[in-house]
Amino acid sequence: MKTGGRLDAAIEILTDIETNHRPVSEALKDWGTKHRFAGSGDRAAIGNLVYDSLRKRSSIGWRMGAESPRALVLGTYVWTWGQGLAGLDAALAEPHAPAPLSDDERTRLGTDDGLADAPDPVRGDYPAWLETAFLRVFGDDAAAEGAALATRAPVDLRANALKSTRDKALKALEETGAVAGRLSPVAIRVPVPGGPGRAPHIESEPAYLKGHVEIQDEGSQIAALVAAAFGGSQILDLCAGGGGKTLALAAAFDNKGQIYAYDDDKRRMKDIFDRLKRSGVHDVQVRTPGKTDVLADLAGRMDLVLVDSPCTGTGTWRRRPDAKWRLTEAALEARMAEQDAVLDEAVRFVRPGGRLVYVTCSVLADENEDRIADFLIRHPDFTLIEPLSGLAKTDPATAAALARFVRRNERVAPVLRLSPATAGTDGFFVAVLEAAA
Ligand SMILES: C[S@@+](CC[C@H](N)C(=O)[O-])C[C@H]1O[C@@H](n2cnc3c(N)ncnc32)[C@H](O)[C@@H]1O
């Protein structure tokens with residue numbers, strides 16, 4: 001396919017997503033099934049056009065005067081992909097291309113900066129109803145933080161210390177352009193190309209197949225490292241899901257602790273057994289929910305309970321831009337109620353003097369500081385402690401590198417907050433609570 005045809009396909013897919021309220025991945029897959037002649041390069045380019053259009057829906061819509069699929073795709077090609085008006089004209093002259101530009105489109109696409117007077121949520125590409133929430137967390141940086149959440153994310157990997165080292169894994173992945181991560185000592189970052197370029201397919205790399213690396217955002221790795229550094233031998237990962245943090249905890253513990261992995265939704269745990277096996281993890285007991293209380297024997301015994309809480313995922317908008325525009329106030333409130341519930345549940349497992357680590361991949365204070373503030377009122381026997389105090393003992397260099405992400409002037413402090421703009425990771429929040437001895 002030529003570029004013109006790819007632009008037209010992206011418009012068709014975005015229209016399908018919008019009119020039929022379909023998830024992006026499903027709409028892309030469907031289009032692929034109906035257009036078998038499209039090669040893998042075409043599919044990658046079309047997928048990139050669709051995702052990039054969604055990432056900057058608001059700012060491109062503002063500049064184009066419309067948020068129609070056509071306006072978004074044309075704006076993405078000219079501005080985000082840097083092809084300019086001349087590049088677009090060339091593509092539109094190709095077979096199967098979208099219709100020629102109107103005069104208004106031509107004028108708008110030829111204007112360099114149409115965002116000078118735009119409000120923060122437009123410049124930062126986040127939903128207008130979150131304006132107050134973003135201002136509260138980011139202040140004057142709200143638009144810049146939003147804009148960083150509207151870029152493409154790199155592929156982050158965690159070198160699995162149980163099977164390899166970061167240096168060996170970097171060597172094995174040399175051809176992908178992999179480099180060492182900047183914050184986590186086990187992070188590897190694989191850059192993703194811009195424009196139509198295909199992201200590297202890590203799942204087919206021998207280093208991945210042999211369990212030497214796991215795919216995990218560097219922010220998620222840091223959350224696990226911060227938690228693991230509080231040590232102990234009995235750990236409960238209460239919201240284990242597919243096991244991303246469980247695997248990172250197990251690697252940090254070098255198979256020396258006993259980790260219990262649980263999730264109240266059995267389906268979310270479907271991949272965990274395969275992942276544990278591939279990673280060479282032996283010290284994890286998976287507990288799935290059943291008719292009886294399958295965690296009863298752990299009550300009051302855990303040195304560490306990790307609550308990797310359900311959340312809106314605002315910190316992961318780079319990877320799931322459609323979720324950004326689908327998020328509603330009702331969904332946010334539902335997540336907050338779940339967060340309170342799971343925090344309350346966690347309490348019964350923490351031994352006297354033990355720690356409860358609360359993690360979200362959201363940047364919103366409603367899901368972070370506010371949940372902890374309310375928790376401390378309900379559970380005055382817990383206190384918030386320095387989030388990096390564990391890591392400062394086990395890995396002082398990493399703790400020092402992370403110190404600038406500790407927030408001290410919030411409603412609840414100290415807490416750790418990472419974001420794409422400040423840390424180059426997904427948005428993550430970590431609070432560490434200690435039970436009275
Ligand atoms: C952010 S995801 C976990 C991701 C996972 N830890 C990882 O690193 O791959 C949150 C998980 O919490 C689970 N969950 C929600 N409420 C829960 C509860 N009350 N008890 C246990 N798990 C819960 C959800 O099913 C979901 O899988």
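Source: prediction; values computed, not measured. (Residues numbered from 1 in each chain as written. Predicted model: local features only at pLDDT ≥ 70, side-chain atom pairs only at ≥ 80, totals over all residues. Heavy atoms only, no water.)

### Quick look at the site of the ligand
Then step 1. In the neighbourhood of the ligand, 17 residues make up the surrounding shell, with Cys239, Lys245, Asp263, Arg268 and Asp308 lying closest.
Then step 2. In this structure, Asp263 approaches the ligand through a side-chain N or O atom, which is 2.7 Å from an oxygen atom.
Then step 3. Protein coverage of the free-state accessible area of the ligand, which is 600 Å², stands at 83%.
Then step 4. Breaking the shell around the ligand down by element, the ones donating at least two residues are α14 (244-253) and α17 (329-347).
Then step 5. Across the shell around the ligand, the residue classes tally to six nonpolar, four polar and seven charged. (Near = heavy atom within 4 Å. Polar contact = N/O pair within 3.5 Å; in protein donor to acceptor, adjacent residues only side chain to side chain. Areas by Shrake-Rupley, 256 points an atom, 1.4 Å probe, with all protein chains shown as cover. Helix = DSSP H or I, 4+ residues; strand = E, 2+ residues; numbered from the N terminus. Nonpolar A, V, L, I, M, F, W, Y, C, P; charged D, E, K, R; others polar.)

### Concerning the UniProt feature "binding site: S-adenosyl-L-methionine" (unreviewed entry) in the protein chain
Then step 1. Taken from the UniProt record, the annotation "binding site: S-adenosyl-L-methionine" (unreviewed entry) applies to Asp263 and Asp308. These residues run over 46 residues, yet every pair of their C-alpha atoms falls within 10.2 Å of each other.
Then step 2. Excluding residues within four positions of it along the chain, Asp263 makes contact with Leu238, Cys239, Ala240, Gly241, Arg268, Met269, Arg287 and Pro289.
Then step 3. According to the relative accessible area criterion, Asp308 is buried, its value standing at 19%.
Then step 4. In this view, Asp308 contacts Cys239, Lys245 and Val359; residues no more than four positions away in its chain are not counted. (UniProt positions renumbered as here; feature names shortened; annotations may be inferred. Contact = heavy atoms within 4.5 Å. Buried < 20%, exposed > 50% of the residue type's maximum accessible area, 1.4 Å probe, protein only.)

### Some remarks on unusual backbone geometry
Then step 1. Residue Pro414 is reached from Ala413 by a cis peptide bond, and omega for that bond is 0°.
Then step 2. In this structure, Pro414 sits in the loop between β11 (406-407) and β12 (415-418).
Then step 3. Even without being glycine, His21 reaches a positive phi, approximately 50°.
Then step 4. One non-glycine residue, His96, lies in the positive phi region at around 65°.
Then step 5. When you line up the elements, His96 lands in the loop between α6 (84-92) and α7 (103-109).

### Looking at the side chain of Asn48
Then step 1. Topologically, Asn48 is positioned in helix α3 (residues 40-55).
Then step 2. Looking at Asn48, the relative accessible area reads 16%, which means it is buried.
Then step 3. Every residue in contact with Asn48, bar those within four places of it in the chain, is listed here: Trp81, Arg152, Gly195, Pro196 and Gly197.

### Brief notes about the nonpolar core
Then step 1. Counting residues in each nonpolar core, the largest one holds 38 residues, and the members touching the most others are Val226, Leu249, Val357, Leu416 and Val430.
Then step 2. Counting residues per element, this core draws most heavily on helix α13 (residues 218-228), at five residues.
Then step 3. Among the nonpolar cores identified, the runner-up in size contains 31 residues, and Leu7, Trp31, Ile46 and Leu88 belong to it. (Core = buried A, V, L, I, M, F, W, Y, C linked by side-chain atoms within 4.5 Å.)

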